[in-house]
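Chain residues, written in single-letter form:
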Amino acid sequence: MLAATSGAELIDGKAFAEALRARIGERAAAFAQYAGRRPGLAVVLVGEDPASQVYVGAKAKACEAAGIASFEHRLSADTSEAALLSLVERLNQDEAVDGILVQMPLPQGLDEQAIIAAINPDKDVDGFHVINAGRLSVGQEGFIPCTPLGCMMLLKDRLGDLSGLDAVVIGRSNIVGKPMAQLLVDANATVTIAHSRTKNLADIVRRADIVVAAVGRPEMIRGDWIKPGATVIDVGINRLPPEEGKERGRLVGDVAFAESRDVAGAITPVPGGVGPMTIAVLLRNTLVAAHHHAGMPVPEGL
Ligand code: GUN
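Counting from 1, residues in each chain are numbered in the order their sequence is written. Confidence filtering applies because this is a predicted model: local features only for residues at pLDDT of at least 70, side-chain atom pairs given and counted only at 80 or more, and all residues used for totals across whole chains, interfaces and linings. Only heavy atoms go into the side-chain values, all of them from the structure, while hydrogens and water stay out.

Novice: How do you make sense of the sheet that holds strand β4 (residues 69–75) when you look at a structure like this?
Specialist: Pairing between the strands of a sheet comes from backbone hydrogen bonds, and it takes one of two forms, parallel or antiparallel. Pairing is parallel across the open sheet formed by 3 strands, whose spatial order is β4-β3-β5. Whereas interior strands pair on both sides, the edge strands pair on one side only; in this sheet they are β4 and β5 (99–102). If you compare each strand with its neighbour and ignore which way they point, the axes differ by 15° on average. Packing of helix α3 (residues 81–93) onto the sheet brings it into contact with β3 (40–46), β4 and β5, and relative to β3 it is tilted by some 175°. Strands are labelled as partners when DSSP assigns at least two bridges between them. Here a strand is any run of E in DSSP of at least two residues, a helix any run of H or I of at least four, and the numbering for each starts at the N terminus. To get an axis, fit a line to the C-alpha atoms, keeping to the stretch in contact for a helix; angles then go from 0 to 180 degrees between the N-to-C directions. By definition, residues are in contact when any of their heavy atoms lie within 4.5 Å.

Below you can see the structure in the form of structure tokens.
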């Protein structure tokens, strides 16, 4: 979904996510009619991290709007690992729960990998479990992390076939960079993974038809690094320090947007690009999990 601008076309992730959420809503209603229950997502938040509280609230709201039951579990920051593991085990067994999401980061003292490992991989709608990472790496069906899958949907919508295109992914996290690179390889792109130790990053970016920036450093990718006509997907959401007289700083991506929009063929804005896709894909993964759980075929259009 594209909107015309002076230079690059803007990739309107917000509109794409809204359309996806509308399709999910229709299919969730059909699921409920057939299965006699709504699809269900359990969201676990440990502690009071303000950003995480905002995300978890937004997830619950989006679920309800799409006809997906949301089960919120808010636990205090001093929750023990044993107590959290026991909650995860209860949710694994709960027939009303199709998807489980434990909001990261967890407070100090809780082992994130141990908690993720305890989630039933077939309820791991975040796609964080090693079983799902392994499935992605060998080409088996499984859950794919929401942000890279959302980026891939935007890329395919814009470019169609990615075969033979040069792609660079900047960032190598388990949640975004690595699965993003895997998805691009699976789509027959030629992929470079760049990171904080990469030499000559500007030159690598200059060769790329597709740039996916997921480093978490405000406006690090400059406009004169972008190949004319390239498609730029900016995963970064960084808040700058407030300007004089302002209470809050501006939100910017990892790409210097004003410089890049004149060079790129298409670019995601921040906010309103990749961000809205993450929750929409979480709902999508939950609906897919519900169909598997109920032994129903996954409907088209997700
Ligand atoms: N923290 C930031 N993003 C995410 C996400 O996509 N899933 C989970 N579980 N935690 C997060």
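Novice: What am I meant to see in the site of the ligand here?
Specialist: If you check the shell around the ligand, you find Leu101, Val102, Gln103, Met104, Asp126 and Phe128 and nothing else. In the analysis that follows, any N or O atom pair within 3.5 Å is treated as a polar contact, provided that within protein one partner can donate a hydrogen and the other can accept it, and provided that, for residues neighboring in sequence, both atoms belong to side chains. Between Val102 and the ligand, the recorded distance is 2.8 Å, taken from a backbone N or O atom to a nitrogen atom. Within the side chain of Asp126, an N or O atom sits 2.6 Å from a nitrogen atom of the ligand. Here the Shrake-Rupley method, with its probe set to 1.4 Å, supplies the accessible areas, and only the displayed protein chains count as covering residues. Taking 280 Å² as the accessible area of the ligand by itself, protein coverage stands at 78%. Definition of nearness: a residue and a molecule or strand are near each other if at least one heavy atom of the residue lies within 4 Å of the molecule or strand.

Novice: How do you make sense of the pattern of salt bridges when you look at a structure like this?
Specialist: Side-chain pairs of opposite charge can arise where the charged atoms are in close proximity. The salt bridge definition used is simple: a Lys or Arg side-chain nitrogen within 4 Å of an Asp or Glu carboxyl oxygen. As enumerated under the stated definition, the model contains 11 salt bridges in all. Between Asp122 and Arg135 there is a salt bridge, with the nearest N and O atoms lying 3.5 Å from each other. Within this pair, whereas Asp122 is found in the loop between α4 (112–118) and α5 (130–138), its partner Arg135 is found in helix α5, the two being separated by 13 residues in sequence. Linking Arg222 and Glu259 is a salt bridge whose minimum nitrogen-to-oxygen distance equals 2.4 Å.

Novice: I keep staring at the side chain of Thr231 and nothing clicks. Help me out?
Specialist: Along the polypeptide, Thr231 turns up in strand β9 (residues 231–234). Not counting residues within four places of it along the chain, the set of residues in contact with Thr231 comprises Ile11, Leu155, Arg158, Leu159, Asp209, Ile210, Val211 and Ala266.

Novice: How do you make sense of helix α10 (residues 275–293) when you look at a structure like this?
Specialist: For an α-helix, 3.6 residues make a turn, and residues three or four places apart therefore share a direction. By definition here, a helix of n residues has an expected span of 1.5 Å times n minus one. Between the first and last C-alpha of α10 there are 28 Å, a value that for 19 residues agrees with the 27 Å anticipated at 1.5 Å per step. For every residue, the accessible area (1.4 Å probe, protein chains only) is compared with the maximum for its type, and the residue is labelled buried under 20%, exposed over 50%, or partly exposed between those bounds. For α10, a buried count of 14 out of 19 residues is recorded, marking the element as mostly surrounded by other parts of the structure. Just past α10, the residue Gly295 takes up positive phi, approximately 70°.

Novice: Would you take a moment to explain helix α2 (residues 50–66) for this structure?
Specialist: Here α2 spans 25 Å end to end across 17 residues, near enough to the 24 Å set by a 1.5 Å rise per residue. When we look at burial in α2, the residues that qualify are Ser52, Val56, Lys59, Ala60, Ala62, Cys63 and Ala66. Looking down the long axis of α2, one finds its buried residues gathered within 165° of arc, a one-sided arrangement. Structural note: α2 exposes Pro50, Val54, Lys61 and Ala65 on the side pointing more than 90 degrees away from its buried face. Against the buried residues of α2 lie α1 (13–35), β3, β4, β5 and α10. One or two steps after α2, the chain reaches Gly67, where phi turns positive at roughly 80°. The directions considered for the arc run from the helix axis to the C-beta atoms.

Novice: Explain the pairing of strand β8 (residues 210–213) to me, please; I cannot follow it from the model alone.
Specialist: A regular strand places its side chains so that they alternate between the two faces of the sheet. Side chains Ile210 and Val212 project from β8 onto one buried face, and the interleaved Val211 and Ala213 project onto a second face that is buried too. As defined by bridge partners, β8 adjoins β9 across 4 bridges and the pair is classed as parallel. Its bridge partner lying in β9, Ala213 is registered against Asp234.

Novice: Help me understand the nonpolar core, please; the structure alone is not making it clear to me.
Specialist: Within soluble globular proteins, side chains that are nonpolar generally end up buried alongside one another. We call a set of buried Ala, Val, Leu, Ile, Met, Phe, Trp, Tyr and Cys residues a nonpolar core when their side-chain atoms join them within 4.5 Å. If you look at the biggest cluster of nonpolar residues, it comprises 56 residues, and the most contacted ones within it are Leu155, Leu184 and Val212. Mapped by element, the contributors of at least two residues to this core are α1, β3, α2, α6 (146–159), β6 (166–170), α7 (177–186), β8 and α10. Here this core gets 10 residues from one element, more than from any other, and that element is α10. Ignoring sequence-local partners within four residues, the contact set of Leu184 consists of Met152, Leu155, Leu162, Ala167, Val169, Ala189, Val191, Ile210 and Val212. If you look at the next biggest cluster of nonpolar residues, it comprises 21 residues, including Ala194, Val211, Ala213 and Ile221.

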